[in-house]
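Okay, here's what each chain looks like letter by letter:
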Amino acid sequence: MKTISERGINLGKTIIEKILTSHSGQECQANDIVVATVDFVMGQDGTSPLAIRAYENMEGQELFNPDKVALVIDHSSPSPLEGVSALHTIMRNFAKQKGCRIYDIGEGVCHQLIPESGQVGPGSLVIGADSHTCTYGALNAFSTGVGSTDLAGGLVSGKMWFKVPETIKFVCNGVLPAGVYAKDLILYLMGQVTADGCTYMAAEYTGEAIQALSMEGRFTVANMAIEMGAKAGLMEADEKTFSWLRQFTEQEFTAVSADPDAQYHKVLTFDVSELEPQVAKPHRVDNVSPLSEVAGTPIQQAFIGTCTNGRLEDLRIAAAILAGKKVHPDVRLIVAPASRKVYLDAMNEGIIQRLVEAGAAVVTPGCGPCVGTHNGVPSDGETVISTANRNFKGRMGNSNAEIYLASPASVAASALTGVITDPRQFMK
């Protein structure tokens, strides 16, 4: 296949085209095939044992670079079953033998821990055996989920092949109204483009509404790019990006911006100034409507956490609504901080105390309730409102339950009233 320069074409590049060009040593544009060097490789406990087996079948001897590999025990943490414990042992033994980092039980969700490690930043290329690896796009990185066998190949070689994705540019103008958050924004965008509207494309998010988001909010938006079918969800880096990174690393990163004449599959423009709280209704993430259309629906469980909304800002927003009040007697409120650091910071701010006093059950940092392995599997016929990123049948461990997705504010407000509730009535 000829490169762009060989074809005699001089086109502006999107963010993802620039990152893949720099990591492959080959001028590339959308739909080219490249082999690129990766900066970091990650696996979690639902996928790493399969990757380790594939690595052994490939007769792997050493990791390409142990300092650029991490395994995370987060999906079933602590282990709820004997068989899961055996898988965790496989991961621990592999990490010890190969010299890579392992994040063990209680440390948190992979997509919070890897950014906190300081090893991912603007211009990075990251693969992870988890579909929500796209979260790190908020840091101006190309990060994407891969299968366990592909991960094994990355562990051996430090390289991965890609078909360069086309890009859809989302321009979000205006300012989000009070009581409307990043989760409402991404749910709204999901409803507009549908669950397969960006299949094997990159979503590039920009505009004043994106720039105004905190880094926590940007992670929320990037996290759900995969729910559109996207290979990645990317944002440009700014001072907020670098300020956040300076908490965790002294490593220097160079921001990657799209060229003014970059070629996009399409450009979608939205004005979010009048946006109201949103929900994704069962059983599809793109089954989105304004919350007002389902307000009053009884719930039995509420969940705040996950790689989408378990960060400090999310817990802070929920605690502000719950402070001095009690969770409805017919509702179980479960809270899972995204990492140990988030947990400790929330304790130091008094957030955890306010949540517990309101009646919340705070569980180990991890993915359990979201993925349905433990720590909050609903019963038949129950309705859950959750800050997670998926609501298909069985996602939380019971295919006979119904899951609504919403912001931490909407989940906290609903936990107080026992029905799906607009959070703005509780906001000062």
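Residues numbered from 1 in each chain as written. Predicted model: local features only at pLDDT ≥ 70, side-chain atom pairs only at ≥ 80, totals over all residues. Heavy atoms only, no water.

**Quick look at the overall build of the protein**
Okay, so step 1: A count of helical and extended segments in the protein gives 16 helices and 18 strands.
Okay, so step 2: The C-alpha atoms of the protein give a radius of gyration of 21 Å, which matches the 22 Å a tight globule of 428 residues would have.
Okay, so step 3: Taken along its principal axes, the extent of the C-alpha atoms in the protein is 65 × 50 × 40 Å.
Okay, so step 4: Residues counted as buried form 59% of the 428 residues belonging to the protein.
Okay, so step 5: Long-range contacts, defined here as pairs at least 24 residues apart, represent 76% of the contacts in the protein between residues at least 6 apart.
Okay, so step 6: Accessible surface for the protein amounts to roughly 16100 Å². Of this, 49% is attributable to carbon and sulfur atoms. (Helix = DSSP H or I, 4+ residues; strand = E, 2+ residues; numbered from the N terminus. Rg over C-alpha atoms; globule rule 2.2 N^0.38 Å. Buried < 20%, exposed > 50% of the residue type's maximum accessible area, 1.4 Å probe, protein only. Contact = heavy atoms within 4.5 Å. Areas by Shrake-Rupley, 256 points an atom, 1.4 Å probe, with all protein chains shown as cover.)

**Some points on helix H7 (residues 182-193)**
Okay, so step 1: Taking 1.5 Å per residue as the helical rise, H7 with its 12 residues ought to reach 16 Å, and the 17 Å between its terminal C-alpha atoms agrees with that figure.
Okay, so step 2: Judged by how many residues are buried, H7 sits mostly within the fold: 9 of 12 residues are covered.
Okay, so step 3: Two residues or fewer after H7 comes Thr194, characterised by a positive phi angle close to 75 degrees. (Expected span 1.5 Å × (residues − 1).)

**Things to note about the sheet that holds strand E3 (residues 69-72)**
Okay, so step 1: Strand order in this open sheet of 5 strands is E4-E3-E2-E5-E6, and the pairing throughout is parallel. What marks the edges here is a single partner per strand, and that holds for strand E4 (101-103) and strand E6 (142-145). Here the average twist between neighbouring strands, direction ignored, is 20 degrees.
Okay, so step 2: Judged from the 3 bridges that link them, E3 and E4 form a sheet pairing that is parallel. By the bridge assignment, Ala70 is partnered in E4 with Arg101. (Pairing = 2+ DSSP bridges. Axes fitted to C-alpha atoms, helices over the stretch in contact; angles between N-to-C directions.)

**Looking at the packing of aromatic side chains**
Okay, so step 1: Throughout the structure, instances matching the rule amount to 7 aromatic pairs.
Okay, so step 2: Taken together, a centroid distance of 6.4 Å and an interplanar angle of 10 degrees make the contact between Phe170 and Phe270 stacked. Taken together, the residues Phe170 in strand E8 (residues 166-173) and Phe270 in strand E11 (residues 266-271) connect sequence positions 100 residues apart.
Okay, so step 3: On the basis of relative accessibility, which here comes to 0%, the residue Phe170 falls in the buried class.
Okay, so step 4: An aromatic cluster is built from Phe170, Tyr188, Tyr205 and Phe270, whose rings are joined through pairwise contacts.
Okay, so step 5: The lysine or arginine in question, Arg101, covers the ring of Tyr103, its NZ or CZ lying 4.0 Å from the ring centre. (Phe/Tyr/Trp six-rings, centres within 6.5 Å; stacked < 30°, edge-to-face > 60°. Lys NZ or Arg CZ within 6 Å of the ring centre and 35° of its normal.)

**With respect to the packing of helix H12 (residues 312-322) against helix H14 (residues 351-358)**
When two helices pack together, their arrangement is captured by the angle between the axes and the distance separating the axes.
Okay, so step 1: Contact geometry of H12 with H14 gives a least axis separation of 9 Å together with a crossing angle of 45 degrees. It follows that H12 is oblique to H14 by the angle criterion. Seen along the crossing, H12 lies across H14 with a hand that is left-handed. Contact with H12, carried on its side by Leu312, Leu315, Arg316, Ala318, Ala319 and Leu322, involves Ile351, Arg354, Leu355 and Ala358 of H14 and no other residues of that element.
Okay, so step 2: A breakdown of the residues in the contact of H12 with H14 according to their chemical character gives 8 nonpolar, no polar and 2 charged. (Parallel < 35°, antiparallel > 145°, perpendicular 65-115°, else oblique. Left-handed = near helix turned anticlockwise from the far one by under 90°. Nonpolar A, V, L, I, M, F, W, Y, C, P; charged D, E, K, R; others polar.)

**With respect to the pattern of salt bridges**
Okay, so step 1: The tally for this structure, following the rule as stated, stands at 12 salt bridges.
Okay, so step 2: In this structure, Arg284 and Asp286 form a salt bridge, with 2.8 Å as the shortest nitrogen-oxygen distance.
Okay, so step 3: Here Arg284 falls in the partly exposed class, since its relative accessible area comes to 47%.
Okay, so step 4: Residue classification places Asp286 among the buried positions, given a relative accessible area of 13%.
Okay, so step 5: Note that Arg424 and Asp422 form a salt bridge whose closest N and O atoms lie 2.7 Å from each other. (Salt bridge = Lys/Arg side-chain N within 4 Å of Asp/Glu carboxyl O.)

**Comments concerning the packing of helix H3 (residues 48-57) against helix H6 (residues 148-157)**
Okay, so step 1: Two elements in contact, H3 and H6, have axes separated by 8 Å at closest approach and are oriented at 55 degrees. Overall, the two elements H3 and H6 adopt an arrangement that is oblique. For H3 against H6, the interelement crossing comes out right-handed. Only Ser148, Thr149, Leu151, Ala152, Leu155 and Val156 of H6 make contact with H3, whose side of the interface consists of Leu50, Ala51, Ala54 and Tyr55.

**As for the environment of Pro290**
Okay, so step 1: Locating Pro290 in the fold gives a position in strand E13 (residues 288-290).
Okay, so step 2: Along the chain, Pro290 and Met215 lie 75 residues apart, while their C-alpha atoms are 25 Å from each other.
Okay, so step 3: When neighbours within four sequence positions are excluded, Pro290 is seen to be in contact with Glu276, Pro277, Gln278 and Val279.

**As for the sheet that holds strand E10 (residues 232-235)**
Okay, so step 1: Here we have 4 strands laid out as an open sheet, ordered E10-E9-E8-E11, and parallel in their pairing. With one partner strand each, in any of the chains shown, E10 and E11 form the two edges of the open sheet. The mean angle between the axes of side-by-side strands here comes to 20 degrees, regardless of whether they run parallel or antiparallel.
Okay, so step 2: Looking at chain direction, E8 and E11 are connected through 6 bridges and run parallel. By the bridge assignment for E11, Phe170 is matched with Leu268.
Okay, so step 3: Most of the contacts of helix H2 (residues 15-24) go to E10, to which it runs at about 100 degrees, and overall it touches E8, strand E9 (201-206) and E10.

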